[in-house]
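Residues per chain, in single letters:
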Amino acid sequence: KRDPPTLLEVRLDSSDVFFTLTFDVAVHRWGMNGVGSCAPLFAPDLLAKLGESPTCQFLGDLTLGVNLGFGNSLAVGDIVALVPAVENFARNSHTTPAQAPLLDALVPRLPVSAISAPKAVSTCDALFLDGRASSSGAGKQP
């Protein structure tokens with residue numbers, strides 16, 4: 001059997017709502033054709049950090065793209081690990097776990113704040129501000 005694929009990097013895109021996993025050789029796609037759920041690829045604790053209804057799609061033979069969902073809490077430095085063992089596209093390699101830390105975008109964008117709040121409150125109302133839709137790490141726990 002051949003050597004297993006190597007996960008070269010996991011990198012955030014400058015949009016802060018998309019990241020890629022890049023391998024050194026074409027990998028087996030686990031039955032994914034087009035855009036699909038990320039649930040079969042990541043453990044529940046990581047999946048929770050990806051936000052509401054994240055989607056995954058192979059962008060080519062070497063790259064898996066992940067669109068983060070609303071309310072994601074994934075941060076630069078978090079370990080991104082695939083649940084299924086990784087093997088080459090021809091399925092004639094050894095398998096290996098794949099994990100790497102999330103790297104920041106090569107060209108980071110400036111933070112954008114987005115706060116969800118009621119239009120009006122009275123003195124007796126509880127006030128909740130929601131900054132989860134902010135970008136560039138704003139509103140996310142480190």
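Residues numbered from 1 in each chain as written. Predicted model: local features only at pLDDT ≥ 70, side-chain atom pairs only at ≥ 80, totals over all residues. Heavy atoms only, no water.

A look at the state of the cysteines
The condition that has to hold: Any cysteine sulfur atom paired with another within 2.5 Å is treated as part of a disulfide. By the criteria applied, helices consist of DSSP H or I runs no shorter than four residues and strands consist of E runs no shorter than two, each listed in order from the N terminus. Exposure categories follow from relative accessible area, calculated using a 1.4 Å probe and restricted to protein chains: below 20% of the type maximum is buried, above 50% is exposed, and the middle band is partly exposed.
Evaluation of the coordinates by the stated rule reveals one disulfide. At a sulfur-sulfur separation of 2.0 Å, the disulfide partner of Cys38 is Cys56. A torsion of 115° about the S-S bond marks the disulfide between Cys38 and Cys56 as right-handed. Taken as a pair, Cys38 in the loop between β3 (36–37) and α1 (44–49) and Cys56 in strand β4 (residues 55–58) lie far apart in primary sequence, 18 residues in all. Of the two residues, Cys38 and Cys56, both sit in the buried class.

What to know about the pairing of strand β1 (residues 7–12)
Selection criterion: When DSSP finds two or more bridges between a pair of strands, those strands are recorded as paired.
Of the pairings in the sheet, the one linking β1 to strand β2 (residues 18–23) comprises five bridges and is antiparallel in character. Looking at the pairing, Leu12 lines up with Phe19 of β2. Linkage of β1 to β2, two consecutive antiparallel strands, is achieved through a turn of five residues, within which Asp16 is found at a positive phi near 65°. In the sheet, β1 pairs with strand β7 (residues 96–103) via two bridges, with the strands oriented parallel. Paired with Val10 across the strands is Leu102, a residue of β7.

Overview of the nonpolar core
Put simply, the test is: Within this scheme, the nonpolar core is defined by two criteria: the residues are buried Ala, Val, Leu, Ile, Met, Phe, Trp, Tyr or Cys, and they are joined through side-chain atoms within 4.5 Å. Here, two residues are considered to be in contact whenever any of their heavy atoms come within 4.5 Å of each other.
Phe19, Leu21, Phe42 and Leu82 are the most contacted members of the largest nonpolar core, which totals 25 residues. Secondary structure elements with two or more residues in this core: β1, β2, β4, β5 (63–67), β6 (79–86) and β7. When near neighbours in sequence (up to four residues on either side) are disregarded, Leu21 contacts Leu7, Glu9, Val10, Phe42, Leu62, Thr63, Leu64, Val66, Val80 and Leu82.

With respect to the sheet that holds β3
Sheet architecture is open: seven strands sit in the order β3-β4-β5-β2-β1-β7-β6, paired in mixed fashion. Each of the sheet's edge strands pairs with one partner strand only, and the pair in question is β3 and β6. Bridge count between β6 and β7: five bridges; the pairing is antiparallel. Bridge pairing links Ile79 to Pro101 in β7.

Quick word on unusual backbone geometry
Of note in the backbone geometry, Trp30 takes a positive phi value of approximately 55° without being a glycine. Positive phi is not limited to glycine here, since Arg91 has a value of about 60°. Locating Arg91 in the fold gives a position in the loop between β6 and β7.

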